[in-house]
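Understanding the architecture of this molecule
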Amino acid sequence: MLSVSPQSLQDPTQFSFEQSHTNVSKLLLSATRSRTLPKGLQLHAHIIKSGLQNIPLISHYLINFYSKTQLPIDSQQVFEGSHIKSSTTWSSIISSFAQNELPVLALQYFKRMIENGVRPDDHIFPSATKASAILSSCDIGRSVHCLALKTGYDIDVFVGSSVVDMYSKCGKIEDARKLFDEMPMKNVVSWSGMIYGYAQLGENEEALWLFKQALFENLDVNDFTFTSVICVCGNTTLLGLGKQLHGLCVKLSFDSSSFIGSSLISMYSKCGMIEIAYRVFDDIRIRNLGMWNAMLLACAQHTHTNKVFNLFKEMESSGMTPNFITFLVTLYACSHSGLVEKGKYYFNLMKQYGIEPGDQHYASMVDILARANKVQEALAIIKEMPMLPTKCIWGALLTGCRLHGNTELAAYAADKVFELGPVSSGIHFKSKDIYKKLEELEVEMEKVGYVADTSYVLREVGDEEKNMAIRYHSERLAIAFALITFQDKRPIRIMKNLRICGDCHTAIKFMSKCCERVIIVRDNNRFHRFEDGKCTTPSTVSNEEWWEETDKKFQAWPRTAGPPVVMNPISRQNFIVKSRAES
């Protein structure tokens, strides 16, 4: 690696102007590659003394150096002090802001550049679209895309790929796919952007198919590509495929990436393999904050509460500063372990790090107190909050009141929840529409041959109750909810924590045929894909197996909640409708 020669810095006259300019450029590039801040600062001082700061290329190298050392404001000072601002200089400063998560400044300078008559190029457009993606501002991103179309840069692979990535991150997956399919050439950014977009929207099959296609076309995938696909495996608990991807990451030397490490920890945790998550964490020595947070969350989800606290101390000792997510995860661990004093400690510790608690932190603190039957203290926190209480905060108080039988305060909290309007899937604000849709669907199903099998209903109730109960199993209500919510022909995805009963398996076949929709149901055993009256995964659950599992669930059901004879129409405990409305 090139090093700074003290002699060359102390006696610049020994070189000609061109030699000095060339040497300084090489040394700046070396300091940038090695992220060596002291050497870069020394070079900057020499540049000012030598009068080289007015050379556009030197300014570009300086801006890039400060950008790579995560000092974008110093990049800004170099830019403003530069008398001659070339297209390269503008490109450098906009990139510096975008790469360092300052999207507003990046777009402001992009606008200034255009106003100064400088035409954006294939280096500048990707930075502007990246800034739009960070802001999740599709309108701004679309404007940048239109400008690229007008200037003929839309066919450039780098510009096109950045636009695909922007549309994906803004949730406009149809726009992203249309552009992706039209691109004459694709690179790792365009492929990764599409895979990420489908993964974020829960379109897991499409994300995995695209990844397979990318490998088939011998694309040199990067750590971001792997991160998205491993997240899909975690969300769908595809442990076998996740392990294969982990092996591929090791083979391609991506296993040391903290981004991949974060996704692997999350994947193994969601698949119940917390021990392997620990191993992944220990094997990667250079960890970013995301990786620390992923490990903390995995420990909290598996109730390894003491490990959460130990990791928090270890993170502090390593010099890593916790962020709002770190504290949110730690409070979550305190809540589910009933540790009130610990919760108060970490809640107060946030301010020492200059982090103002948000509504989610207050919701966690209210949950900690309410679950410990300190509902009056929880109510006092709500009243003293610097912001208006959200549905989650009142919901946390309501949960605590329900657990401890405080009906008066529970009614008050429930009123506050309903005052805030339609809320989560746990409050049945569309129940009439759901039941009506389900009844209409059942009429159509019976016309084409569906006959209910009531042997899957609780045996101690009468025939009429059996017919009513089986009609309202949670997966059927979920499908009805999806049908009234999403009118297009997108697939309906349901996640359920019990095995699907034999009658529901039969009924959903008829539903898929009557409504002409693909319906994918994941129970706790496997995926079922229903299309045109058929299922690719036949039900192999006998009545005895299903009853055994249901009886176990019944015995564990909280007595305060009442027996689960008829499931709530949209109960969060039993399913999640994975279809999402367009952002």
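Residues numbered from 1 in each chain as written. Predicted model: local features only at pLDDT ≥ 70, side-chain atom pairs only at ≥ 80, totals over all residues. Heavy atoms only, no water.

An unreviewed UniProt entry annotates the protein chain as DYW domain-containing protein of Mikania micrantha. Its UniProt record, at the heading Sequence similarities (unreviewed entry), says of the protein chain: "Belongs to the PPR family. PCMP-H subfamily." (UniProt positions renumbered as here; feature names shortened; annotations may be inferred.)

1. Re helix α26 (residues 431–447)
Residues lying three or four places apart along an α-helix face the same way, a consequence of the helix completing one turn every 3.6 residues. Over its 17 residues, α26 runs 25 Å from end to end, which matches the ideal 24 Å to within 8%, given 1.5 Å per residue. Listed in full, the buried residues belonging to α26 are I434, L438, L441, E442 and M445. When α26 is viewed along its axis, its buried side chains cluster within an angular range of 105° and face the same direction. Along α26, exposed side chains directed more than 90 degrees from the buried face belong to K432, K436 and K447. (Helix = DSSP H or I, 4+ residues; strand = E, 2+ residues; numbered from the N terminus. Expected span 1.5 Å × (residues − 1). Buried < 20%, exposed > 50% of the residue type's maximum accessible area, 1.4 Å probe, protein only. Arc of directions from axis to C-beta.)

2. Thoughts on the packing of helix α13 (residues 204–216) against helix α14 (residues 223–235)
Between α13 and α14, whose axes approach to 10 Å, the crossing angle comes to 140°. Put simply, α13 runs oblique to α14. For the pair α13 and α14, the crossing hand works out as left-handed. Residue-level inspection shows N204, A207, L208 and F211 of α13 in contact with α14, the latter providing T225, F226, V229 and V232. Within the contact of α13 with α14, the residues separate by chemical class into six nonpolar, two polar and no charged. (Axes fitted to C-alpha atoms, helices over the stretch in contact; angles between N-to-C directions. Parallel < 35°, antiparallel > 145°, perpendicular 65-115°, else oblique. Left-handed = near helix turned anticlockwise from the far one by under 90°. Contact = heavy atoms within 4.5 Å. Nonpolar A, V, L, I, M, F, W, Y, C, P; charged D, E, K, R; others polar.)

3. Things to note about the pattern of salt bridges
Opposite charge on two side chains makes pairing possible when the charged atoms of those side chains draw close. For the coordinates displayed, the defined rule picks out 16 salt bridges. The closest approach of N and O atoms between K178 and E182, which form a salt bridge, is 2.9 Å. With a gap of four residues between them, K178 and E182 both fall in helix α11 (residues 173–182), about one helical turn apart. The pair K178 / E182 is uniform in exposure class, with both members exposed. Here K513 ties to D532 by a salt bridge, and the two come within 3.8 Å at their closest N and O atoms. Here K513, found in helix α29 (residues 502–515), pairs with D532, found in the loop between β3 (527–531) and β4 (534–535); they are 19 residues apart in sequence, far enough to count as distant. Taking relative accessible area as the criterion, K513 reaches 46% and is therefore assigned partly exposed. (Salt bridge = Lys/Arg side-chain N within 4 Å of Asp/Glu carboxyl O.)

4. Topic: the pairing of strand β2 (residues 519–522)
Side chains I519 and V521 project from β2 onto one buried face, and the interleaved I520 and R522 project onto a second face that is buried too. As judged from the four bridges shared by strand β1 (residues 492–496) and β2, these two strands associate in the parallel manner. Bridge pairing links I494 to V521 in β2. Relative to β3, β2 runs antiparallel, the two being bridged by four bridges. Each residue of the ladder has a partner; that of I519, found in β3, is F530. (Pairing = 2+ DSSP bridges.)

5. So, the environment of E444
Tracing the backbone through its elements, the reader meets E444 in helix α26. Judged by relative accessible area, which is 37%, E444 ranks as partly exposed.

6. Re the UniProt feature "repeat: PPR" (unreviewed entry) in the protein chain
When the UniProt feature table is mapped onto this chain, "repeat: PPR" (unreviewed entry) is found at residues 86–120, 156–190, 288–322 and 323–357. End-to-end, the C-alpha atoms of residues 156–190 are 12 Å apart, and along that stretch the chain is 74% helix and 0% strand. With 77% helix and 0% strand, residues 323–357 has end C-alpha atoms that lie 11 Å from one another.

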